[in-house]
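# Close look at the chain arrangement
Spelled out, the chains give:
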Amino acid sequence: MKVQVRGLHKRFGKTIAVDNFTFSFDNGHVFGFVGPNGAGKTTTMRVIATLEEPTEGDVLINGVSVREEPEYARRCVGYVPDSLPAHNDVTVHEYLDFYARAYGLQGAKRREAVGAVEEFTGVTGILDKHLKALSKGMKQRVTLGRALIHNPDVLILDEPAAGLDPRARVELRELLMVLATQNKAILISSHILTELTEICNGVVIVERGRLLESGTVAEVLKKSTPHRAFAIRVLGEASALVKELLQTPHVINAREVSGEVLLELEGEESAGCELLATLISKGFKIAEFKQSKANLEDIFMNVTKGGVQ
Amino acid sequence: MNVPTLKNWRTWEPNPIVVKELRQAVRSWAVTGMLLGFLVVLFLVTVGFLLGQSFHISPNQALGREIFQFFLPVLSLVGFVFIPVYVGGRLTAERQDGNVDMLYITTLSAARIIRGKLLCGIYLLVLFFSVCAPFMVFTNLLRGIDLPTVFVLLVVAFLLSVLSLQTAIFLSCLPASKGLKLLVGLPAGGFMMALVGMMTAMSMEMMREGIGSRLGTWIFWGPALSATFIGLLLFGFMHLAAIALVSPASANRALPLRSYATGVWLLTLLLTVGWAAWGGTLEPIAAWTSFATGILIAALLISVSEGDEQSARIRRTIPESGPKRALAFFFYSGSAGGLAWTFLLAVATALWASLSLDVKLLDSLSMAWSGRAASARSFGAFSGELEMTLSTLFLYALAYCLYGLFIHRRFQPHRPAIFAGLCSIALPALWAIVPNLVLFFLNKLSWDALQERQLGNIFNIIAMKDRSFTLDHQMCALVMVVIGVGLNFRWFLAQRRAFVPLVREAAAVPPATATPPPLS
């Protein structure tokens, strides 16, 4: 199941919410969709979920346009919006049962699907509780259950961790990791980038309606941070090490931060080994020498400019 | 349509919307509170009347009627106002942009959603009517009202409640903000309240005269069937329109509506002809022509608001063969097809009206059927004026719609298609207001000035004192239409040429509905 977003434009009056987004993700991919508020994430997700008509461009799911065949897209896509269910007078079980019926599941198949989702999302203990009486974390689980009720191949999650306490976040992350192993194509937006780092193997970075970067994490990392970053802890004067490093070829930048020396280095992975050997040979007492791996947060900060609309 | 049959009764499942809505309704304080309040009112009224009667020495022979006269407005209020507002309000909330929680991300079709909402409302109506029916039948024992009157009034109230319910659902589906819907809904609510008054007045008249004795005559069935027929037509239109409004933008929304309107046009025409020939009068033809013209003017506005873009999904269904494709052009979504369809029906309406009212074609039909000519003497002079007024109104509307279309296409193409429709309303409104405003500031505005000839002013046709100016208006409207056609002719031809089927790419064929396996 491949999802291709092609030249997507969406205007609301004079505001361009989405300006020519093009990216794709596939089965087994968990794509993080990151960007500041007003970047066009929710709009794009709503287009994929057929809730919004694009002004131009299209989204293809398995080659089928969501504009032309929204019914097909709805069978394939499970959507978790950023708003939580706020129904009066509906219990958790009734809510999930309704969606199973709405997706055309009948009889034993429906009961089986509802039961499986209730178990998977861990809501079996609160089936008779009214939706309004649930905590945010539990509501989020119910919403996730609703999106999974028809076993979609594509899962679109809009800020699923927003407002959740640390435990609920960890539990949600665990659920998503299980889903990722079930070969689903997942697009997830979140402001908590550290959360995404652990589960995403791809990323789409957007800002002010424009797409800045997209691809696998490794690809984007390579593009956004062409130099390798290292942190060195040295026994003795760090300033001497900084002075030495600044005179060493391929070292782009070196500075002392809280007793550690941070530096950026050009070249392949072996350049780090060579630098370490050189420093030892020059008599520096190296206590620690480690390569700092950039995470989504670093990539995001490098790529975006902080603009909102 | 999901209907239980002998074959599928074991596996049949009700509409999910009905299940959910009813679950929510029975737990809702609004519904249960209203039901309890309703019961309390019925009980207190009955007890109050009976206690009041116990203080009188002579028995009141019309006590049942008096109690019934109190019950019916209460029931009408619930049926015409409360339940439609409850169902419509819920649907409006679900249709809000921010609320993605509900139906529009599932595979439920638009028709099932609307049918589910309607059925839920009908079940609630049945609940309230069932509660009320025993009290109402009890009034028969207290004298002053016969059982047929009770049942007929209950049926009338029920049918009107269903129509109100469908109206509320239609209004809730309009693509407008909550505020705008409220603005449209308020007059509709006012009308419903007025309907409660009308229903009460009608019931008093019926109770006074008694229905039982008339049940075997046309005096009862003639108006009853006519009203039911008109109500059904309205219901059908609003039901289909509501479905079209919640259908995806890529669907051919116009097809069911235009097919329905064409069918209704033809059916009402045949019925009117039959009525005119049988009754030996031309009034039905005149009434039908006036009504049809009004509907066609509304259809013009809807057509220009449809836009030019036809989704690939629609284009894939355009027939290959020439004659079929030519016919399909009139019924597929799109401004050009809509205008062509409306114009064609308008020409047919005018032609038929002219044949009936001027050429007296109906006379021969009427002579053959009822043995008398179908032209009422007093109607002769009026018919020519009516035809002229109606045709001028339509021509003006057509001209303004063509201008609206041109302005949208030429100057504001990035705006949504509804802009053309809004222009088509704004232009005649401006032309009607601005000259009179100028007269006002020149201190020359008077009733006489308003009733003078104001060419191009669509409202002036009705307000004009000297009817001989209608011909001037007609000529003016005709010239305006010619200019409008000139402005849009190339666009229309381009639209007609573009109306060709799209070849489906093999990759874009959606696979058959997959039954999702349970989660592991």
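About the thresholds
Residues numbered from 1 in each chain as written. Chains lettered and ligands numbered in written order. Predicted model: local features only at pLDDT ≥ 70, side-chain atom pairs only at ≥ 80, totals over all residues. Heavy atoms only, no water. Pairing = 2+ DSSP bridges. Helix = DSSP H or I, 4+ residues; strand = E, 2+ residues; numbered from the N terminus. Axes fitted to C-alpha atoms, helices over the stretch in contact; angles between N-to-C directions. Buried < 20%, exposed > 50% of the residue type's maximum accessible area, 1.4 Å probe, protein only. Domains from an automatic or database assignment. Contact = heavy atoms within 4.5 Å. Buried area = accessible area lost by both parts, 1.4 Å probe. Salt bridge = Lys/Arg side-chain N within 4 Å of Asp/Glu carboxyl O. Polar contact = N/O pair within 3.5 Å; in protein donor to acceptor, adjacent residues only side chain to side chain. Nonpolar A, V, L, I, M, F, W, Y, C, P; charged D, E, K, R; others polar. Expected span 1.5 Å × (residues − 1). Core = buried A, V, L, I, M, F, W, Y, C linked by side-chain atoms within 4.5 Å.

## Observations regarding the pairing of strand β10 (residues 210-216) of chain A
Residue and element names in this part refer to chain A. Pairing of strand β9 (residues 202-207) with β10, which is carried by six bridges, proceeds in the antiparallel orientation. Across the sheet, V206 pairs through a bridge with L211, a residue of β10. The hairpin turn running from β9 into β10, its antiparallel successor, is two residues long, and R208 in that turn takes a positive phi close to 50°.

## Here's the deal with the sheet that holds strand β11 (residues 228-235) of chain A
All names here are of chain A. One open sheet holds the four strands; their spatial order is β12-β13-β11-β14, and the pairing between them is antiparallel. Only two strands of the sheet have a single neighbouring strand rather than two, namely β12 (251-257) and β14 (285-292). The mean inter-strand angle of the sheet, taken between neighbouring strand axes irrespective of direction, is 20°. Alignment of β11 against strand β13 (residues 260-265), held across five bridges, turns out to be antiparallel. Looking across to β13, one finds that I232 is bridged to V261.

## Focus on unusual backbone geometry
Residues and elements named next belong to chain A. The phi torsion at N20 lies on the positive side, around 60°, for a residue other than glycine. Inspection of the secondary structure assignment puts N20 in strand β2 (residues 15-25). According to the relative accessible area criterion, N20 is partly exposed, its value standing at 45%. If you check the backbone angles, S258 has positive phi at about 45° while not being a glycine.

## Considering the domain arrangement of chain B
Residues and elements named next belong to chain B. One can read the domain layout of chain B as domain 1 (12-247) and domain 2 (257-502). For domain 1 versus domain 2, the distance between C-alpha centres works out to 35 Å. Listed by partner, the interface residues are eight residues for domain 1 and six residues for domain 2. Across the domain 1 to domain 2 interface the summed buried area is about 610 Å²; carbon plus sulfur atoms make up 88%. The interface formed by domain 1 and domain 2 holds zero salt bridges in total. Inspection of the domain 1/domain 2 interface yields two residue pairs in polar contact (both at pLDDT 80 or more). Taken together, the residues that form the side of domain 1 that touches domain 2 break down as seven nonpolar, one polar and no charged.

## Quick notes on helix α5 (residues 136-148) of chain A
Residue and element names in this part refer to chain A. Here α5 contains 13 residues, and its C-alpha end-to-end distance of 18 Å stays within 8% of the 18 Å for a straight helix at 1.5 Å per residue. Judged by how many residues are buried, α5 sits mostly within the fold: eleven of 13 residues are covered. As for α5, its buried residues are in contact with β6 (77-80), α3 (92-102), α4 (107-121), β7 (154-158) and α6 (166-181).

## A few points about the nonpolar core
Residues F38, F68, I83, M136, L165 and I169 of chain B are the most contacted members of the largest nonpolar core, which totals 55 residues. Only α2 (29-54), α3 (63-95), α4 (110-141), α5 (147-173), α6 (178-209) and α7 (218-246) of chain B provide two or more residues apiece to this core. Per-element tally for this core: the top contributor is α3 of chain B, with 14 residues. Excluding residues that lie within four positions of it along the chain, L165 of chain B makes contacts with I83, P84, V87, L118, G121, I122 and L125 of chain B. Core analysis: the second largest hydrophobic core is formed by 52 residues, V30, A113, V117 and I205 of chain A among them.

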